[in-house]
Amino acid sequence: MSSSEAPRLAVFVSGRGGNLRAILAHGLPVALVVADRPAPAWRAARAAGLPACVVEPAAFGDRAAFDAALATVLAAYGIGLVALAGFMRVLGPELVGAWRGRMLNIHPSLLPAYRGLRTHRRALADGARRHGCTVHWVTAQLDAGPVVQQSVVPVLEDDDEAQLARRVARAERRLYPRVIERALLGKIALR
Ligand code: GRF
């Protein structure tokens, strides 16, 4: 992607880093990776030579102090867009409010269905025929911000949780980099 005007992108991670790898493979310029633990995703970022830091909640007295540390890091790196990619922390309303329209998340369900955790298990238990993933703007309410784009996958007759999770993960890795690219180019905005 090429735009000298594009905001600088930070990706927040806690886990495997499948989405982070897809973002990098898509050729998006990642200016900073932030992890809340020394997770595989953070190690992958370091191995790729990216600026990557760990901001551990346990190092701070409360969530407000943790959020303030995140805000400081984002400012220090001149970040203009944040993509949460499996970041397993709930951010406080002050930080989220300050980043309104500049913070995206990807969630492994077709929101508003299955907010929260264990989405694949819940979809299977319900006998859902369709499942998928959603990219949405982050707001103070968990997994409830305005939807930007979704990707639907079928739930097959003999699916188990792991199979369905893999199908959704593949859909995520196609969807998220493209949505982030559009956001970086100023083609999507939260009204
Ligand atoms: C993804 O399923 C994402 O939707 C959810 O956390 C998972 C992160 O996976 N928010 P990865 O670390 O990107 O592989």
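Cut-offs used in this document
- Residues numbered from 1 in each chain as written.
- Predicted model: local features only at pLDDT ≥ 70, side-chain atom pairs only at ≥ 80, totals over all residues.
- Heavy atoms only, no water.
- UniProt positions renumbered as here; feature names shortened; annotations may be inferred.
- Helix = DSSP H or I, 4+ residues; strand = E, 2+ residues; numbered from the N terminus.
- Near = heavy atom within 4 Å.
- Polar contact = N/O pair within 3.5 Å; in protein donor to acceptor, adjacent residues only side chain to side chain.
- Areas by Shrake-Rupley, 256 points an atom, 1.4 Å probe, with all protein chains shown as cover.
- Nonpolar A, V, L, I, M, F, W, Y, C, P; charged D, E, K, R; others polar.

Going by what an unreviewed UniProt entry lists, the chain is known as Phosphoribosylglycinamide formyltransferase and is assigned to Candidatus Amphirhobacter heronislandensis. The UniProt entry for the chain carries this comment under Pathway (unreviewed entry): "Purine metabolism; IMP biosynthesis via de novo pathway; N(2)-formyl-N(1)-(5-phospho-D-ribosyl)glycinamide from N(1)-(5-phospho-D-ribosyl)glycinamide (10-formyl THF route): step 1/1." Comment text from UniProt for the chain, heading Catalytic activity (unreviewed entry), reads "N(1)-(5-phospho-beta-D-ribosyl)glycinamide + (6R)-10-formyltetrahydrofolate = N(2)-formyl-N(1)-(5-phospho-beta-D-ribosyl)glycinamide + (6S)-5,6,7,8-tetrahydrofolate + H(+)".

A separate point is the UniProt feature "domain: Formyl transferase N-terminal" (unreviewed entry) in the chain. Per the UniProt annotation, the sites labelled "domain: Formyl transferase N-terminal" (unreviewed entry) are residues 8-180. Here residues 8-180 runs as 36% helix and 24% strand, with 11 Å between its end C-alpha atoms.

By nearness alone, every residue bordering the ligand is listed as Gly15, Arg16, Gly17, Gly18, Asn19, Gly86, Ile106, His107, Pro108, Glu172 and Arg173. One of the backbone nitrogen or oxygen atoms of Ile106 is found 2.9 Å away from a nitrogen atom of the ligand. Within the contact set of the ligand, an oxygen atom lies 2.7 Å away from a side-chain nitrogen or oxygen of Glu172. Its free accessible area being 360 Å², the ligand has 85% of it covered by the protein chains. Listing elements by their share of the shell around the ligand, those giving two or more residues are α1 (18-25), β5 (103-107) and α6 (161-184). Of the residues that constitute the shell around the ligand, the class distribution is two nonpolar, six polar and three charged.

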